[in-house]
Amino acid sequence: MPEIQVGDISIYYEMKGNGYPLLMIMGFSFSLLDWGDMFTDELAKHYQVILFDNRDSGRTKSQSTYNYTTADMANDVAGLLNALGIAQAHILGYSMGGMIAQQFALRHPTKLNKLILTCTMAGGDCSNFNPNIQGDFLDLLFPASYLAISNNRKKIESFFTKTSPYHSQSDAYIRQLQAHHAHDTCNLLQGIQAPTLIMTGDSDLIIPPINSNILNNKISGSKLKIIKEAGHGLLYSHVAGIAKIITNFLS
């Protein structure tokens, strides 16, 4: 199993494809399996895709029990690139991964080429986010119009049956949740200098699209793409379209 020591954790990672490095940071509690093969295989046609499990997620072995921040997790990303001998990469962050990616852009700008922030937010006073949102998991991730299409709900249920055993549990879940809720780059975003693409779904219930508008307004020169009839799970439901937007931006 590919693991590499970064600070106090042993990070589990996978790589596929060839070309310029594209490192992808997954969201809260999920593992690299949640990117899905279709999405990563499509990107691997053009890039060397680097996937990994955040501390306290998946097969990464966290060896500490203290609380940490999204900035600490961004340092994990920088450490992973160093350990792999990669001087610079494109960074794609999804949901909480987008928060970590913001911190990476601010703390490690020389390691960053282009930045992609997907379904994410700045935190602090810049957030429009309901931390107590409740409901059926799939109904929160996907619009009703998508789930109504024949077999879609069953396919997604089968997918998460395979990936959920690798999601954060117990104390690990709580530590990640604390880092998520404490994230705040509201007054720092003007410091991001890398070319930046911001993507969101027009029907995202978990991190509403207004958060992407805020990011777009605060990150100079950034581009905003709002995907129609897409929710927080758009990387699964809109694979081909999202992959094309990303490759067009990075090329």
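Residues numbered from 1 in each chain as written. Predicted model: local features only at pLDDT ≥ 70, side-chain atom pairs only at ≥ 80, totals over all residues. Heavy atoms only, no water.

Asker: Quick rundown of the overall build of the protein chain? Include the residues and the values.
Answerer: In terms of regular secondary structure, the protein chain is built from 10 helices and nine strands. Taken against the 2.2 N^0.38 rule, which gives 18 Å for 251 residues, the C-alpha radius of gyration of the protein chain at 17 Å falls within 12% of a compact globule. Judged by the C-alpha coordinates and their principal axes, the protein chain covers about 45 × 40 × 35 Å. A total of 251 residues make up the protein chain; the buried ones form 54% of that total. (Helix = DSSP H or I, 4+ residues; strand = E, 2+ residues; numbered from the N terminus. Rg over C-alpha atoms; globule rule 2.2 N^0.38 Å. Buried < 20%, exposed > 50% of the residue type's maximum accessible area, 1.4 Å probe, protein only.)

Asker: Help me get a handle on the pattern of salt bridges, residues and values and all.
Answerer: Throughout the structure, instances matching the rule amount to nine salt bridges. The shortest N-O distance in the salt bridge between Asp41 and Lys16 comes to 2.9 Å. A residue pair is termed long-range when its members are at least 10 positions apart, and Asp41 in helix H1 (residues 37–43) and Lys16 in strand E2 (residues 9–16) qualify at 25 residues. Taking relative accessible area as the criterion, Asp41 reaches 40% and is therefore assigned partly exposed. For Arg153, the salt bridge goes to Asp136, with nearest N and O atoms at 3.6 Å. Note that Arg153 is positioned in helix H6 (residues 152–163) and Asp136 in the loop between strand E7 (112–118) and helix H4 (137–141), a separation of 17 residues in sequence. Of the residues examined, Asp136 reaches a relative accessible area of 41% and is grouped as partly exposed. (Salt bridge = Lys/Arg side-chain N within 4 Å of Asp/Glu carboxyl O.)

Asker: Lay out the environment of Ile4 with the relevant residues and their values.
Answerer: Summarising the element assignment, Ile4 is placed in strand E1 (residues 3–6). With a relative accessible area of 16%, Ile4 lands in the buried category. When residues no more than four places from it in sequence are discounted, the contact partners of Ile4 are Ile9, Ser10, Ile11, Tyr13, Leu80, Ala83 and Leu84. (Contact = heavy atoms within 4.5 Å.)

Asker: Would you mind going over the layout of surface pockets in detail, with residue names and values included?
Answerer: Looking at the largest pocket, its volume works out to about 620 Å³. Lining the largest pocket are 23 residues; nearest its centre among them are Phe28, Ser29, Phe137, Tyr173 and Ile206. Among the elements of the structure, H4 and helix H7 (170–182) are those that each provide at least two residues to the lining of the largest pocket. In terms of residues, the lining of the largest pocket owes the most to one element, H7, which gives four residues. A volume near 200 Å³ is recorded for the second largest pocket. In terms of lining, the second largest pocket is formed by Glu14, Lys16, Leu32, Leu33, Trp35, Gly36, Asp37, Thr40, Leu51, Phe159, Lys162 and Thr163. For the lining of the second largest pocket, the class distribution of residues is five nonpolar, three polar and four charged. (1 Å grid on protein atoms, 1.4 Å probe; cavity = no way out; pocket = protein on both sides within 12 Å on 5 of 7 lines; lining within 4 Å. Points joined across faces, edges and corners; volume = space filled by probe spheres on them. Nonpolar A, V, L, I, M, F, W, Y, C, P; charged D, E, K, R; others polar.)

Asker: Break down empty space enclosed by the protein for me, with residues and values.
Answerer: Applying the stated criterion across every chain yields a total of one cavity of 30 Å³ or more. Volume-wise, the largest cavity comes out at about 130 Å³. Residues of the lining of the largest cavity, tallied by class, amount to 10 nonpolar, two polar and one charged.

Asker: Can you tell me about the packing of aromatic side chains, naming the residues and giving the values?
Answerer: Counting across every chain of the model gives 10 aromatic pairs. Between Phe142 and Tyr146, the aromatic rings sit 5.4 Å apart at their centres with planes inclined by 25°, giving stacked as the arrangement. By the ring-pair criterion, three or more aromatic residues cluster together here, those being Phe30, Phe137, Phe142, Tyr146, Phe159, Phe160 and Tyr236. Positioned above the aromatic ring of Tyr68 is the side chain of Arg55, whose terminal nitrogen or guanidinium carbon lies 5.2 Å from the ring centre. (Phe/Tyr/Trp six-rings, centres within 6.5 Å; stacked < 30°, edge-to-face > 60°. Lys NZ or Arg CZ within 6 Å of the ring centre and 35° of its normal.)

Asker: Describe the side chain of Ser222, and please don't skip the residues or the numbers.
Answerer: Assignment of secondary structure puts Ser222 in the loop between helix H8 (210–218) and strand E9 (223–227). A distance of 2.8 Å separates polar atoms of two side chains, one belonging to Ser222 and the other to Asn216. What Ser222 contacts, discounting residues up to four positions off in sequence, is Thr196, Ile198, Leu215 and Asn216. (Polar contact = N/O pair within 3.5 Å; in protein donor to acceptor, adjacent residues only side chain to side chain.)

Asker: Could you give an account of the pairing of strand E3 (residues 21–25), naming the residues involved and the relevant values?
Answerer: A large share of E3 lies buried, amounting to five of its five residues. On E3, burial covers both faces: Pro21, Leu23 and Ile25 on one face and Leu22 and Met24 on the other are all buried. Direction of pairing for E3 relative to strand E4 (residues 48–52): parallel, over a ladder of four bridges. Looking at E4, one finds that Leu22 is bridged to Val49. On the question of chirality, the crossover connecting E3 to the parallel E4 by way of H1 is right-handed. One ladder, built from four bridges, connects E3 with strand E6 (residues 89–94); its direction is parallel. (Pairing = 2+ DSSP bridges. Right-handed = clockwise from strand over helix to strand, strands pointing away.)

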